[in-house]
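# Chain and residue survey
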Amino acid sequence: MVSDVKGNPLAGVSIYNDEKTVGTTTDFYGGFRIKVTEGTVLIFHTMGYQKHRQKITAGMLKLNIHLEEQRIDLDGVELVARSNINDIDSRKATGEVAQIDVKQMINRPSINLMESLQGQVAGVSVQSSAELGKPLKIRIRGTSTLSIKSKADAKKDTEFLDNMANQPLFVVDGQVVSPDVFANLNPNDIKEMKVLKDAVANALYGIKAANGVIEVSTQRGIDGKTQYRFNARHGMTLIGKPNVAMMDTHEKLAFEFASKQKELPGYRYSEEYIRLIHGSKPDLMNRITEGQRKLDSLKQINTNWFKELMRIDQYSTYNISMRGGNEKNRYYISGNFTHQGGKLEHQSLKRLSARLNYDLQLSKKLTVYFNSSLTVVENNSPNSSSFSPASLIYRLNPYEQPNSKTYLVSFNNRRKYGDLYNQFHKKEDKYQFNFSTNVFWKISNSLDVQSAVGINYNIDNSLKITPRTAVSQLKSAISREKRGVVEKGKNIGNNQSLNVRVNYHPFMGKSQQLFLSANVDYLKSSGNAVRIKGHGLPSKLQSAAGINNDLTGRFDTTTTSSNATTAQLGFGFSALYTLKKLDVYGSYKADASSMMPTEKRWNYFWSVGMGYQFLANNPMRNPWLSSLKLRTSYGVTASLAGVDAALVHPVYHYGGSTETYLGYRSFYLKQLFNKDLKPERNATINVGLDFQFFKRLNLSLTAYHRRTDQMLITVPIAPSNGFTSQLKNIGVLQNQGIEITLGGYFINNKDFAWHTSFNASYNQNKIIDLYEGEELFLSGEEIPYPTYKEGMSADVVYGLKDVGVSAIDGMNYYERKDGTIFNGAAEKAKRSDFHILGTRTPPIQGGWHHHFRYRKWQLSVQLYYNFGGIKKYANTTAIRDADDAYRNGFKGQLAQTWLKVGDPNKKYKTLFGRGNNIYQNLGYASTSTVGSTDFVRINNISVSYEMPTRMIKKIAPFFKAGNFMAQFKNIATFSGFKGGDPEAAELIGQVQPIITLGVNFNF
Amino acid sequence: MKNTLLYIALLLLFSCDLNIPVEDEITGDDAINDVPIANETLAGIYASFPKDKTFLDILSDDYYPNYDIRNNESLKKLYGWEILEIKLKADNLWSPYYQTINRINVLQKSYPNIEVGDGEEQEFDHIKAEALAIKAHCYFDLIRLYAPVYNDANKDRMGVILKDNIRSESLPRSSLAESYRVLEKLSLDAIASFPKDTNDAFRWNKKAVKALLADVYLYWGKYQKAIDLCNPLLVGMSLDKATYEVFWKDFKMEKEVLFAFDKDKLIFNLKDIYDGINGNYMFYPNRKITYEAADYRGEITLVKQGYRDAKGVVKQVDYLYKYRKSIDDGKPKPIPIIRTALLYFIKAEAQLKLGRQAAARATLNQLLTMRKASTYTKDITLDDVLLERQKEFVGEGHRFFDLKRNQKSVDRVGFNSHNKIKTIQASDFKWVFPLPSAEIDQNKNARQNPRW
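Structural notes, computed from the coordinates. Here the structure is a predicted model, which means the values were calculated and not measured. (Residues numbered from 1 in each chain as written. Chains lettered and ligands numbered in written order. Predicted model: local features only at pLDDT ≥ 70, side-chain atom pairs only at ≥ 80, totals over all residues. Heavy atoms only, no water.)

Per the secondary structure count, chain A includes 14 helices and 48 strands. Computed over its C-alpha atoms, the radius of gyration of chain A comes to 32 Å, within 12% of the 30 Å expected for a compact globule of 1003 residues. C-alpha extents for chain A along the principal axes are approximately 110 × 70 × 65 Å. In chain A, buried positions account for 56% of the 1003 residues. Of the roughly 42,100 Å² of accessible surface on chain A, 56% is carried by carbon and sulfur atoms. Across chain A, the 124 positively charged side chains and the 87 negatively charged ones have centroids separated by 4 Å. (Helix = DSSP H or I, 4+ residues; strand = E, 2+ residues; numbered from the N terminus. Rg over C-alpha atoms; globule rule 2.2 N^0.38 Å. Buried < 20%, exposed > 50% of the residue type's maximum accessible area, 1.4 Å probe, protein only. Areas by Shrake-Rupley, 256 points an atom, 1.4 Å probe, with all protein chains shown as cover. Lys, Arg positive; Asp, Glu negative; His and termini not counted. Charge placed at Lys NZ, Arg CZ, Asp CG, Glu CD.)

So, about the overall build of chain B. In terms of regular secondary structure, chain B is built from 16 helices and 11 strands. Considering chain B as a whole, with its 452 residues, one finds that 56% of them fall into the buried category. Of the contacts formed within chain B by residues at least 6 apart in sequence, a portion of 69% connects residues at least 24 apart. Approximately 18,800 Å² of chain B is accessible, and the part contributed by carbon and sulfur atoms is 51%. (Contact = heavy atoms within 4.5 Å.)

Turning our eyes to something else, we now look at the packing of aromatic side chains. A full pass over the atoms with the stated rule returns 63 aromatic pairs over all chains. Between Tyr267 of chain A and Tyr273 of chain A, the aromatic rings sit 5.1 Å apart at their centres with planes inclined by 55 degrees, giving tilted as the arrangement. Assigned by exposure class, Tyr267 of chain A and Tyr273 of chain A land together as buried. Look at Tyr814 of chain A and Phe822 of chain A: their rings are 5.7 Å apart centre to centre, the planes differ by 40 degrees, and that puts the pair in the tilted class. Tyr814 of chain A sits in the buried class, given a relative accessible area of 1%. In this structure Phe822 of chain A comes out as buried when scored by relative accessible area, which is 1%. Through successive ring pairs, a cluster of aromatic residues spans Phe55, Trp81, Trp94, Tyr98, Tyr146, Phe400, Phe401, Trp431 and Phe433 of chain B. Above the face of the Phe401 of chain B ring, Arg144 of chain B is positioned so that its terminal group lies 4.1 Å from the ring centre. One residue, Arg412 of chain B, lies across the ring of Tyr79 of chain B, its end atom 4.0 Å from the ring centre. (Phe/Tyr/Trp six-rings, centres within 6.5 Å; stacked < 30°, edge-to-face > 60°. Lys NZ or Arg CZ within 6 Å of the ring centre and 35° of its normal.)

Take the pattern of salt bridges next. Under the criterion given, the structure shown has 64 salt bridges over all chains. Measuring nitrogen to oxygen at the nearest pair gives 2.5 Å for the salt bridge that ties Arg831 of chain A to Glu775 of chain A. Here Arg831 of chain A, found in the loop between β40 (821–823) and β41 (835–839), pairs with Glu775 of chain A, found in strand β35 (residues 775–776); they are 56 residues apart in sequence, far enough to count as distant. Under the relative-accessibility criterion, Arg831 of chain A is labelled partly exposed at 36%. Glu396 of chain B is the salt-bridge partner of Lys322 of chain B, the closest N and O atoms lying 2.8 Å from each other. Residue Lys322 of chain B is found in the loop between β8 (314–320) and β9 (335–339), and its partner Glu396 of chain B is found in the loop between α14 (382–393) and α15 (399–405); the two are separated by 74 residues along the sequence. By relative accessible area, which is 0% here, Lys322 of chain B ends up buried. Under the relative-accessibility criterion, Glu396 of chain B is labelled buried at 10%. Because the salt bridges share partners, they merge into one network encompassing Glu256, Asp295, Arg297, Lys322, Arg339, Arg371, Glu392 and Glu396 of chain B. (Salt bridge = Lys/Arg side-chain N within 4 Å of Asp/Glu carboxyl O.)

Residues and elements named next belong to chain A. Across 4 bridges, the pairing between strand β38 (residues 801–805) and strand β39 (residues 812–815) is antiparallel. Each bridged residue has a counterpart across the sheet, and for Val805 the counterpart in β39 is Asn812. The turn joining β38 and β39, which pair antiparallel and follow one another in sequence, is formed by 6 residues; a positive phi near 70 degrees is taken by Gly810. (Pairing = 2+ DSSP bridges.)

Residue and element names in this part refer to chain B. Running from amino to carboxyl end, helix α8 (residues 206–220) crosses helix α12 (residues 340–353) at an angle of 30 degrees, the nearest separation of the two axes being 10 Å. The orientation of α8 with respect to α12, classified from their angle, is roughly parallel. Remark: the crossing between α8 and α12 carries left-handed chirality. Along its contact with α8, which presents Ala211, Ala214, Asp215 and Leu218, the element α12 presents Leu342, Leu343, Ile346, Glu349 and Ala350. Split by residue class, the contact of α8 with α12 holds 7 nonpolar, no polar and 2 charged. (Axes fitted to C-alpha atoms, helices over the stretch in contact; angles between N-to-C directions. Parallel < 35°, antiparallel > 145°, perpendicular 65-115°, else oblique. Left-handed = near helix turned anticlockwise from the far one by under 90°. Nonpolar A, V, L, I, M, F, W, Y, C, P; charged D, E, K, R; others polar.)

Residue and element names in this part refer to chain A. Inspection of the secondary structure puts Thr558 in strand β23 (residues 558–579). Given a relative accessible area of 25%, Thr558 falls into the partly exposed group. Spatially, the C-alpha atoms of Thr558 and Ile532 are 5.8 Å apart, while their sequence positions differ by 26 residues. Dropping the residues within four chain positions of it, Thr558 is found in contact with Arg531, Ile532, Lys533 and Ser657.

Residue and element names in this part refer to chain A. Taken together, 3 strands build an open sheet; the order of strands is β38-β39-β40 and the sheet is antiparallel. Strands at the two margins of the open sheet, each flanked by one partner only, are β38 and β40. On average, each strand axis in the sheet is tilted by 30 degrees relative to the strand beside it, whichever way the strands run.

On to the packing of helix α2 (residues 35–48) of chain B against helix α5 (residues 83–110) of chain B, then. Residue and element names in this part refer to chain B. The N-to-C vectors of α2 and α5 enclose an angle of 165 degrees; their axes lie 8 Å apart at closest approach. Between α2 and α5, the angle is such that the two are roughly antiparallel. Judged by the sense of rotation from one axis to the other, the crossing of α2 with α5 is left-handed. From α2, Ala38, Thr41, Leu42, Gly44, Ile45 and Ser48 reach across to α5, where they touch Pro96, Gln99, Thr100, Arg103, Ile104 and Leu107. Residue composition of the contact of α2 with α5, grouped by class: 6 nonpolar, 5 polar and 1 charged.

Looking now at the nonpolar core. In this structure, Trp204 and Phe433 of chain B are the most contacted members of the largest nonpolar core, which totals 149 residues. At 15 residues, helix α6 (residues 121–146) of chain B tops the list of elements feeding residues into this core. (Core = buried A, V, L, I, M, F, W, Y, C linked by side-chain atoms within 4.5 Å.)

Turning our attention to unusual backbone geometry. All names here are of chain A. Phi angles above zero are rare outside glycine, and Lys260 is one such case at about 55 degrees. Relative to the helices and strands, Lys260 resides in the loop between α6 (249–259) and α7 (265–268). Look at Gln710: it is not a glycine, yet its phi comes out positive at around 55 degrees.

Geometric values such as these leave the question of function open.
Shown next, in the form of structure tokens:
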């Protein structure tokens, strides 16, 4: 078993004898097995750690090796070559850098790497929408700014813009990549992943890194015998359970009867209705019997639309990798195929990726690293921005059937089930190519130069098809030749980066050290997009070639094109001075962005940090506390995340084809620019304490405070200015929180080991100041409460205090702040009637992971939890009115609906009461429509069994090791939330459990 | 080796440039710097001007609701002058007017940067004059929609926001009198700036702006000035069946039209009165609008078509046929703003208001004769002028303003039997539309119209 000095197991450590005739590497739990003769000297070596030599003596069956992290020794012997140019040792001394346990991520069956980050590190929150292929929301230490958005944007766009403004920077082997490239990385290729959280850590990256950085280093070749690793996992994706249970046929028919709507079978065939209409006719009794017969036959049907529309699919992943080399040449090659099926038909995500990393040691002083990877992703989805087949689960009636040829009751506009199917199809292909070269050149023992040059080339193709038979196309206003819509898009993204760094470490005697580092970095990214949209799709052709180009007016074929390039240039300096137990760090960075006008282009950042080691492995003085270190830092960074040039200075563009006059294209100002705009300024204070107990239990406590000044947001302006919104610096936001990480071995012996790691974070944000007044309204006139208010959290939920449905008139009543109540149908809720119900983002988030080993068995359990947030129930399907009773409602709604005078304690108002205000009031959040989103989820359970040597030899004599494994992802969630899955709190899209079985061979 | 690396590093550093032009956008304060770009900027101004104001005709008595309106809640409410529907329409109209004004301001501020090439002087002068004319047109519409009728009692009440700068401001509303003064100045400047008379009726031209100003004077109560402007334009004018049909059937701009918006790519085809999903008309012209057999306007304006009423009985009614070549013709058509006939009505109304009965009747009869309609032989009243005006312009967005200007009430009828269901009084506050709440919320100096 090989671990670092803290007891964390080290994977991928090369182990070989002096002559390099025998060798192996450690597995993910640091374990290894090697057959050597007595007296052999084994060498343990991995990058970033000092070489360890161990002589094998007789009877030495179990080895526990602790490798020490490689630092620049006081004698100045060796500088560390790293594949990530910015991963310099000096920032670690005082900054907040968290290491991620990569093996947990590999074990989790998920096609999206970002999703696997959930619950791994304190302060990193990942929110999944549970919809396959949709971007996730990732934040480090909360939301640093409000999203730059405008009111008119669709939800998808605001999410995109919010992500642009708040997501961290992703860096793979020193090269900046897009979040999408990160999400599609093959987890097996990752050697190391780090999260940079505070100003000291981020300052090296400058303006790009205001929201934190996630750094990835990929696997590299080894100096030793070639190793192969193969693993295959195959399993199935389950449907989980519906977000809300719906009425069964019995309840639905009774509900329809209560609604008294003659179009609905529950009332139409009832005795009451038949008597009302045909009361005087001679065949009345026959009609009643006939009605009863029809009702009885409907009651025979009870379709579970969730089971009908959701399906079980497959999850599979295959990975093969090879690494080897000698002292001068080292290589790592891998290939991976992963497929994850969705819950809906025609929904899937496939990924094929390949990587080749090659290290060339030209001389003792010069090493070159080449990294290249190619990833192909294919994503299919039947969900359009306005329609998902999953929405049918919460609409279709239980007495309706998939194959019936009659009109559906649940769609009051004459639709058959067949009409609803095949409404939309989207296919996206992504090709991501990455190449980078890192040169490490040691000029002398105290001076080295590194350079990293890389290119990242992404091609995204998308094809969206609304077939000619879709409901949206079947209107008389759309004549036959115009039906069907195709949208084809191509986007080529291109990132070029260059980074040159000089490190200087002069020899200054035994007790003090100085590290100086300076760098220049340049990043140029461009996006080149073309889109074609046209109408009139022939039934046989499902591609852009089917567009009918003869159509005119609003069925015209439209093309759009955009090509935006931005560049950033930065100069950075950093210094670490160490005197015995004291570390003092400082950094300075000047960054310029092409987005800003020349005179405002340069931004300056600085940070200072201090670390002090109180105890260091002195068992004499303190038997239980092995080490204690204090880290403090303060730094200032700036951010322009999400800002584009048109918001800052006058940018004109040409209008689309609908904006021409007499054949002239229209040319106009794109946005009302704001020449006074300043970048956001972040000031962060970080205080951390690292404890180590009993040499095997690590505790890290961190507190931080971040103040964002000159916060940028798009605010509405008076329309008489010719535009309705403008980007402005509007105020000050503060984030503060604490993070706890605890990890280590409780038990670790030959037969049994128990390792646990726990992390928790608490983050709270607050608006400190708004420059123009105390409140900011962004939601328009209909919403009487402010979007943001000084002294309040940025994501506070306002709502009414619901006192329930009155037994007398069946209407919702609400309580005012003074304790009086008002009728929701008669009165509009006023500003003062809104109470603060809580905050949307859960302030407490974290994970808890256990790993057990018993002989050849290993078990790992990962929990993910959120506490303290509230969300509004996704209750769009609650039936408020008799008019809406044609569709299906929540299970149990009938019993909770007010039906007659005197019905006490009901939850839903009368089906017949109207009034101008009730729907508006019901649309607001209220004490009865929000719930706590607290949850604990079993994120993943993984079991593996190491095959006995005999068994392996039987399978194939050249295999060295192998194991069987099984994984269970998202198999249980514990939550009291009643409006869907507590994480996304939406009706469409819920957690998808996955179960897989697999094998793993090393040879 | 050392040197090679150094050279590579230096080379890479020099290629780091931060002045990156944006390929499909044009950046900078001097982006509009020649006449062709000024022309494209002007196209953007014409394109953003709000053209479809069919809803004003629905609010007036140009139309009767059809039986098909029963399922269309919002049109039913709009027809009934319900506050929320008017508010919605008023909200949606305000922004495009100011968007247009902003684009004019952007163009006007660019004049010093524009390099005028040889032979482009006239074109540039025409662009300048057109920009002034469109600005005048914007303010005229805004005054008529969002401000009260002009009279001595109202002249200090709130008019419109006069906007000249390209930056975010909180401007107060100018007084009604001030708004009219600015409007007059803009029109006069435009008339003075036009290099010469042109006959391109799809662009603002000297004659059309004169007619616009005459109309402004009519609203402003300066009747003699209105008459004086109309007279020279009407000299030698002759309209007949041929000129009328050339416009309404072939949409060719000849004598009939002084200014019209060219057909938009977006459908303007009276979509508010036509239900594109079910292919039914929601409204048809007021049944009191009829034409004599000889009056050639009848066959262009109205077309008979059957519809099923509540009891399933097919009834023949006259639908609006303007802007169409067949009953379900959905092709975009030009939108006439100033027709020559308007001059006769401006003149007649002004003359009548000055008490010149005989002159007014002569002016009105002049047009009616050209339209082959019977003429008035006895004294005419204001209502006669307004009725004739409605017959000429039904469905063209005039009637609402005619009623408002003359402070007339308007009746609402049911969709089944056309019984009067209510009357919107001339004193009703809803004649003066509300400013959008976004304006009131975001502009601390803007005040809302009374009772909204």
